[in-house]
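Chain by chain, the residues:
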Amino acid sequence: MLGFAETARRARIAKRLTLRDLAEQLDLSVIYVSDMENGRRVPPSAEKAREWAKALDLDPDEFAMLALRNKKVIELPIEGQPERKKDVAAMLARSWDSLSEAQQNQLAEALSKIMEGKA
Amino acid sequence: MNGMRVPVVSGMSKEGIERAALRFLQKYNPESLASPSPVPIADIIEFDMPNEHLNLVVRVGTLPPPLEAITDSITRPGMIDLVLDILTYEALRDGNCRARFTAAHEAGHIELHAHQMPDAFHTGMYQAFARRSDLPAYRDPEWQANYFAACVLMNREVMKAIVAKHGRSAEAVSDLLQVSLPAASRRLMYLFGAVK
């Protein structure tokens, strides 16, 4: 499976979109976009990745997921969120290192159902 | 720049480079051979060559002056990294003649030299680097890449067609092929012995 950088680079080349035009569309610098495409920077936020995907005619959700998967650390904004949601984030963080494969699958299945429901 | 150290590469004659440049045009832009028109070297570098060479990565960054671009096929074995300085890239996208020549020069390194690097380094038979001033022109990779660039941007047959219509005019060559006047003059001098 290709990572965020390689996917972004190949999609842009296939679409024959110049680095300059893409950078302009995303309101970023050419060097920043080029570095991102070459894995020299941490992938952007999910929101920026969706915007990026739209410019490249890629699936925004899949591309945002790819961006998140390629990050070293994923942060969840919990300020101002309901207490229960904060609990879920904290529980996930606390149990992260000890999740077994079966538990990972259970969680993934449950979250997939939630995401499908949203779609 | 003649004291600059460069990788030693196989010798190439002007005719050999001219043939390599023709193959390059036939592959990437045969239209430019049919009638005098600027070779779209910016698109070839940014889109077509990476499609053809899956191990080629074109990047835009900041290079220390006076570097305008670098082709590196040594640092990452099996990979070719072409780094264009941001000023060169912007100028190239604006159709600047010097930047177009630089891009075609780097294309020359990719076509003529990149495949020689890994073997040379990993077989241990490689004499690594030499001073440009110690090399005859035909073994100097910078001279080869410059000549390749001239042949790509100013194909011999296309030049003949221009001269037939406009005479040995550097201005006509410069306008029609989007090359600088000095580059046009040098090519006219080499191919036809005189410039109008």
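Quick caveat: nothing in here was measured; it's all calculated off a predicted structure. (Residues numbered from 1 in each chain as written. Chains lettered and ligands numbered in written order. Predicted model: local features only at pLDDT ≥ 70, side-chain atom pairs only at ≥ 80, totals over all residues. Heavy atoms only, no water.)

Observations regarding the interface of chain B and chain A
Each partner contributes to the interface: chain B provides 18 residues, whereas chain A provides 14 residues. Between chain B and chain A the total buried area reaches about 1,400 Å² when both faces are included, carbon and sulfur atoms providing 52% of it. Summed over the three residues of chain B that lose the most area to chain A, namely F47(B), R59(B) and V60(B), the buried surface amounts to 36% of that side. Residue E90(B) is joined to R20(A) by a salt bridge in which the shortest nitrogen-to-oxygen separation is 2.7 Å. Run the count over chain B and chain A and you get 9 residue pairs in polar contact (both at pLDDT 80 or more). Counting only elements with at least two residues in the side of chain B that touches chain A, the list comes to helix 3 (41-52), strand 2 (56-61) and helix 4 (86-93) of chain B. Across the side of chain B that touches chain A, the residue classes tally to 8 nonpolar, 3 polar and 7 charged. (Contact = heavy atoms within 4.5 Å. Buried area = accessible area lost by both parts, 1.4 Å probe. Salt bridge = Lys/Arg side-chain N within 4 Å of Asp/Glu carboxyl O. Polar contact = N/O pair within 3.5 Å; in protein donor to acceptor, adjacent residues only side chain to side chain. Helix = DSSP H or I, 4+ residues; strand = E, 2+ residues; numbered from the N terminus. Nonpolar A, V, L, I, M, F, W, Y, C, P; charged D, E, K, R; others polar.)

Some details on the pattern of salt bridges
If the charged atoms of two oppositely charged side chains come close together, the side chains can form a pair. Counted by the stated rule, this structure contains 22 salt bridges over all chains. In this structure, D87(A) and R84(A) form a salt bridge, with 3.7 Å as the shortest nitrogen-oxygen distance. Remark: R84(A) and D87(A) occur in helix 6 (residues 83-95); sequence separation between them is 3 residues, near one turn of the helix. Owing to a relative accessible area of 57%, R84(A) belongs among the exposed residues under this scheme. Note that R76(B) and D81(B) form a salt bridge whose closest N and O atoms lie 2.6 Å from each other. Owing to a relative accessible area of 37%, R76(B) belongs among the partly exposed residues under this scheme. The class of D81(B) is buried, set by a relative accessible area of 13%. Several salt bridges share partner residues, and in doing so they unite R12(A), E37(A), D43(B), E46(B) and R93(B) into one network. (Buried < 20%, exposed > 50% of the residue type's maximum accessible area, 1.4 Å probe, protein only.)

Scope: geometric values only; no functional claims are made or implied.
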